[in-house]
Amino acid sequence: MTLFDSPSFANHEGVHAFADEKTGLKAIVAVHSTARGPAVGGTRMWNYGSAAEALEDVLRLSKGMSYKNAVADLEMGGGKSVIIGDSKTRKTPELFRAFGRAIDKLGGNYYAAEDVGVSVEDIAEARKETEYVVGLSGGKEGSGDPSPVTAEGVYRSTLLAARRLWNQDDLTGLTVAVQGIGHVGGYLADKLHAAGAKLIVTDVNVPLLEEVAGRTGAEIVAPDVIYGVKADIYAPCALGATLNPQTLDRLTVKAVVGAANNQLATPEIGRILFERGVLYAPDYVVNGGGIINVASELKARQTGGAYDPAWVEGKLSRLMETLEEVLDRSASEQRPTHEIADAIAEARIRKASELKLAA
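Residues numbered from 1 in each chain as written. Predicted model: local features only at pLDDT ≥ 70, side-chain atom pairs only at ≥ 80, totals over all residues. Heavy atoms only, no water.

A. Highlighting helix H10 (residues 309–333). Compared with an ideal rise of 1.5 Å per residue, which puts 25 residues at 36 Å, H10 spans 36 Å between its outermost C-alpha atoms and is within 8% of the ideal. A side-chain oxygen of the first residue of H10 lies 3.0 Å from the backbone nitrogen of Ala310; this N-cap is Asp308. (Helix = DSSP H or I, 4+ residues; strand = E, 2+ residues; numbered from the N terminus. Expected span 1.5 Å × (residues − 1). Polar contact = N/O pair within 3.5 Å; in protein donor to acceptor, adjacent residues only side chain to side chain.)

B. Representation of helix H11 (residues 337–358). Over its 22 residues, H11 extends 32 Å from the first C-alpha to the last, a length consistent with the 32 Å expected when each residue adds 1.5 Å. Taken residue by residue, H11 has Thr337, His338, Ile340, Ala341, Ile344, Ala345, Ile349 and Ala352 as its buried positions. Buried-residue contacts for H11 involve strand S2 (25–33), helix H1 (51–71), helix H7 (267–275), strand S11 (279–280), helix H8 (283–286) and H10. (Buried < 20%, exposed > 50% of the residue type's maximum accessible area, 1.4 Å probe, protein only. Contact = heavy atoms within 4.5 Å.)

C. Here's a closer look at the packing of helix H2 (residues 93–104) against helix H3 (residues 120–127). Where H2 contacts H3, the axes come no closer than 7 Å and their chain directions differ by 55°. With respect to each other, H2 and H3 are oriented oblique. As H2 runs across H3, the sense of the crossing is right-handed. Of the residues in H3, those touching H2 at Pro93, Phe96, Arg97, Phe99 and Gly100 are Asp122, Glu125 and Ala126. (Axes fitted to C-alpha atoms, helices over the stretch in contact; angles between N-to-C directions. Parallel < 35°, antiparallel > 145°, perpendicular 65-115°, else oblique. Left-handed = near helix turned anticlockwise from the far one by under 90°.)

D. A look at the sheet that holds strand S7 (residues 198–202). In space, the six strands of this open sheet follow the order S8-S7-S6-S9-S10-S11, with parallel pairing throughout. The open sheet has two edge strands, strand S8 (219–220) and S11, and neither has a second partner. Packed on one face of the sheet, helix H5 (residues 183–194) meets strand S6 (175–179), S7 and strand S9 (233–236) and runs near 160° to S7. (Pairing = 2+ DSSP bridges.)

E. Examining the nonpolar core more closely. One finds Phe99, Val178, Leu192 and Leu199 to be the most contacted residues of the largest nonpolar core, which totals 89 residues. Per-element tally for this core: the top contributor is helix H4 (residues 147–166), with eight residues. Core analysis: the next-biggest nonpolar cluster, separate from the first, contains 18 residues, Ile226, Leu243, Leu251 and Tyr280 among them. (Core = buried A, V, L, I, M, F, W, Y, C linked by side-chain atoms within 4.5 Å.)

Printed below as a string of structure tokens:
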């Protein structure tokens, strides 16, 4: 199958491969849409099994970023980048400077930020070679690590689900199964615990698991066990596609609200959840807080201003209103939530494309 034949190609504007023999860099950048502005999306460093697997991931993630940025009403398009390699053993400052040089060749068509396996410090190394990165610390425009704002959005979405399903304003008496307690999942676990939730957690990083459990009283389970635990809410906060034919029948929860991207292995999974009465909060609506945080940094850079927490809060509050709209329409139209969210995103992207063509 060629790139253009892939179901995930989805009319991407550009897909770029970069390699640097000296540093070992092997990266793919996918620009899905620039209708609403320059493509912006994180950089994931992962030990993919093959280049084909990396390509499939970056295509799906970049389209997701177009939808995420549109739903959050940001003047940005969608893109994503992946670096092939183990972030625990292959990461070097030189590699990220080479990545910065690669990004610079796109001339501002794509801005990179942090994602799985990539830190603020890594992006700072890339910044030495290009201006087209965001998610930096320091300076009046720096937004820093977007993870806390992502976690805040997921937390508010969880409270929203609790109000709808259990008519309560906190999480007392509810059990949340959190899959992945890295950057976002760790912050989220603290917030859920503070709101009264009982936590069941899993991750491949055992020391980190024990640290989170120590401060939240969470129960630790093996990675494959998390799907079948008795819980009210499942919070996928690791990699995508954990809602799939192999896991679906094991879930006992009434809601899925998590930070991971591309949680549905296929759109059909979203329809099955809907038919089973499970409230699925669409991932790219729920986890939009981080990109909103990054957007404030880009806005400040473009205008010569400063990072504005009040602007971030306003956009995050508006995003929660959009989630309410998605859930209301899903109930009234009897359609799965992911279809409603997709329709909202596609309408906003289409309108921007039409205005761009007419200009």
